[in-house]
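Reading the structure
As a plain string of letters, each chain reads:
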Amino acid sequence: MNLPEIQQRLRDFAAERHWDRFHTPKNLVMALAVESAELMEHFQWLSPEQSLDVQSDAELRQAVAEELADVAIYLIRLADKLGIDLEIAIQDKMQRNADKYPVSLARGNAVKYNRRKTPSEERNQEAGT
């Protein structure tokens, strides 16, 4: 994916239709939320196991792909309008996540970093103190 090229294509698309005035951060965030909800709708009543089977249903997979594209389009457009380099923001966030979730503490569990016990708390609990 060439993000700068996609951003330019989205700018051109909006400009050709005179939509730029509608593409305020507020409106783009709202559109992003709507598209995210439309994506969620495809998974709403599925079990976790059924949600994994979406990839084997061609029609549903296509519908999900279209919603994912809508989410990505609005996200990329929002970042562009706010002057945020999305690639750098993602790289920075991944590093912060790696710091918050070191493999030694996060492997095999989904406990949020601010709710997990420190190694000393774990040892104290195991020791019964």
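The chain is annotated in an unreviewed UniProt entry as dCTP diphosphatase of Methylococcus capsulatus.

Here we take up the overall build of the chain. From N to C terminus, the chain includes seven helices and zero strands. Its C-alpha atoms give the chain a radius of gyration of 20 Å, clearly above 14 Å, the size a compact globule of 129 residues would have. Expressed along its principal axes, the backbone C-alpha trace of the chain runs to roughly 70 × 35 × 25 Å. If you average the places of the 17 positive and of the 22 negative side-chain charges in the chain, the two averages end up 8 Å apart.

So, about the packing of helix H1 (residues 3-16) against helix H4 (residues 58-81). Direction vectors running N to C along H1 and H4 enclose 90°, while the axes themselves pass 10 Å from each other. If you check the angle between H1 and H4, you find them roughly perpendicular. Facing Leu3, Ile6, Gln7, Leu10, Arg11 and Ala14 of H1, the residues of H4 in contact are Ile73, Ile76, Arg77 and Asp80. When the residues that make up the contact of H1 with H4 are grouped by side-chain class, the tally is six nonpolar, one polar and three charged.

Our focus in this paragraph is the layout of surface pockets. Considered as a void within the structure, the largest pocket measures approximately 220 Å³ in volume. Arg9, Leu10, Phe13, Ala14, Trp19, His23, Asp70, Ile73, Tyr74 and Arg77 together form the lining of the largest pocket. Each residue belonging to the lining of the largest pocket can be placed in one class, and the counts come to six nonpolar, one polar and three charged.

Taking 1.5 Å of rise per residue, the 14 residues of H1 would be expected to cover 20 Å, and the 20 Å separating its terminal C-alpha atoms lies within 8% of that figure. Listed in full, the buried residues belonging to H1 are Leu3, Gln7, Leu10 and Ala14. Viewed along the axis of H1, the buried residues span an arc of 65°, placing them on a single side of the element. Of the exposed residues in H1, those oriented more than 90 degrees away from the buried face are Arg9 and Glu16. Lining the buried residues of H1 we find H4 and helix H5 (86-100). The opening residue of H1, the one whose side-chain oxygen lies 3.1 Å from the backbone nitrogen of glutamate 5, is asparagine 2. Looking at the residues trailing H1, positive phi occurs at histidine 18, about 55°.

Reading the values: the criteria
- Residues numbered from 1 in each chain as written.
- Predicted model: local features only at pLDDT ≥ 70, side-chain atom pairs only at ≥ 80, totals over all residues.
- Heavy atoms only, no water.
- Helix = DSSP H or I, 4+ residues; strand = E, 2+ residues; numbered from the N terminus.
- Rg over C-alpha atoms; globule rule 2.2 N^0.38 Å.
- Lys, Arg positive; Asp, Glu negative; His and termini not counted.
- Charge placed at Lys NZ, Arg CZ, Asp CG, Glu CD.
- Axes fitted to C-alpha atoms, helices over the stretch in contact; angles between N-to-C directions.
- Parallel < 35°, antiparallel > 145°, perpendicular 65-115°, else oblique.
- Contact = heavy atoms within 4.5 Å.
- Nonpolar A, V, L, I, M, F, W, Y, C, P; charged D, E, K, R; others polar.
- 1 Å grid on protein atoms, 1.4 Å probe; cavity = no way out; pocket = protein on both sides within 12 Å on 5 of 7 lines; lining within 4 Å.
- Points joined across faces, edges and corners; volume = space filled by probe spheres on them.
- Expected span 1.5 Å × (residues − 1).
- Buried < 20%, exposed > 50% of the residue type's maximum accessible area, 1.4 Å probe, protein only.
- Arc of directions from axis to C-beta.
- Polar contact = N/O pair within 3.5 Å; in protein donor to acceptor, adjacent residues only side chain to side chain.

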